[in-house]
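# Structural overview for review
These are the residues of each chain, in order.
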Amino acid sequence: MSRIRAKAWSGDQWDDPDQETLYDLLSELNLVHRFLIIERADSPDPAQHYIQVYLDDDHSCLIEYRDGGPQAHYRARIPPPYALHGHDIAADVVNNWSRDEGDWRTALPWSRVTT
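In this report, the structure presented in the accompanying data block is examined. (Residues numbered from 1 in each chain as written. Predicted model: local features only at pLDDT ≥ 70, side-chain atom pairs only at ≥ 80, totals over all residues. Heavy atoms only, no water.)

### What about the environment of P80?
- Here P80 lies in the loop between strand 6 (73-78) and helix 2 (82-98).
- The class of P80 is partly exposed, set by a relative accessible area of 39%.
- Separated by 17 residues in the primary sequence, P80 and W97 place their C-alpha atoms 22 Å from one another.
- Beyond its immediate stretch of four places on either side in the chain, P80 contacts D58, H59, S60 and H85. (Helix = DSSP H or I, 4+ residues; strand = E, 2+ residues; numbered from the N terminus. Buried < 20%, exposed > 50% of the residue type's maximum accessible area, 1.4 Å probe, protein only. Contact = heavy atoms within 4.5 Å.)

Below you can see the structure in the form of C-alpha cells.
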C-alpha cells in the first residue's frame, strides 16, 4: 500500500512520489494549474490527512495541512513571487511533511483554519 499519494490539477496521481517528483510537480504550478494535494494514503481517512499547495492570483502561495478533523486544519501563506523563492519553501515543507520529518511544522507561521 502507498504511504502518500500526490494529486495534481490535471487529475493525474502519483503513489509514493519521491522528493524530486514532488519538487517538479510544485514547480509546474501556475495560474492555470494552481494546486497540488498530497494525502497520507496509508491513513484510515486520507481526506483528513493531507497537505496542499495553492497558487493565488497575486502569485503568493497558500499551504494548508490537515492532521485529522476540522480542529486540526492549519494554513500558512508564502509571499510572492512563488516562481522566484516560494517554490523552494513550499517544496521543503511538502517534502518534509511527506517524510514525516518534524521541522516542517516550524518552517512557516501556521494558523488554525476556523470556518
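That covers the picture; the talk isn't over yet.
### Some thoughts on the sheet that holds strand 1 (residues 4-8)
- On the basis of which strands lie adjacent, the open sheet formed by 7 strands has the order 2-1-3-4-5-6-7 and antiparallel pairing. A single partner strand is all that each edge strand has here, and the edge strands are strand 2 (13-15) and strand 7 (111-112).
- In the sheet, strand 3 (residues 35-40) pairs with strand 4 (residues 49-55) via 5 bridges, with the strands oriented antiparallel. Across the sheet, residue E39 finds its bridge partner in strand 4, namely Y50.
- Its contacts with the sheet put helix 1 (residues 19-27) on strand 1, strand 2, strand 3 and strand 4, and the angle it makes with strand 3 is roughly 150 degrees.
- Strands strand 1, strand 3, strand 4, strand 5 (61-67) and strand 6 of the sheet are contacted by helix 2, whose axis makes an angle of about 175 degrees with strand 4. (Pairing = 2+ DSSP bridges. Axes fitted to C-alpha atoms, helices over the stretch in contact; angles between N-to-C directions.)

### Some details on the packing of helix 1 against helix 2
- Put simply, helix 1 and helix 2 touch, their axes get as near as 9 Å, and they point 145 degrees apart. Once helix 1 is placed against helix 2, the crossing between them reads as right-handed. Facing helix 1, whose interface residues are Q19, L22, Y23, L26 and S27, helix 2 presents Y82, H87, D88, A90, A91, V94, N95 and S98.
- Its residues assigned to classes, the contact of helix 1 with helix 2 shows 7 nonpolar, 5 polar and 1 charged. (Left-handed = near helix turned anticlockwise from the far one by under 90°. Nonpolar A, V, L, I, M, F, W, Y, C, P; charged D, E, K, R; others polar.)

### What about the nonpolar core?
- Core analysis: the biggest nonpolar cluster contains 26 residues, and I38 and I63 have the highest contact counts within it.
- Sorting elements by how many residues they give to this core places helix 2 first, with 6 residues. (Core = buried A, V, L, I, M, F, W, Y, C linked by side-chain atoms within 4.5 Å.)

### Observations regarding helix 1
- Of the residues making up helix 1, those classed as buried are L22, L25 and L26. Along the axis of helix 1, the buried positions cluster into a sector of 95 degrees, meaning they face one direction only.
- The secondary structure elements touched by the buried residues of helix 1 are strand 1, strand 2, strand 3, strand 4 and helix 2. (Arc of directions from axis to C-beta.)

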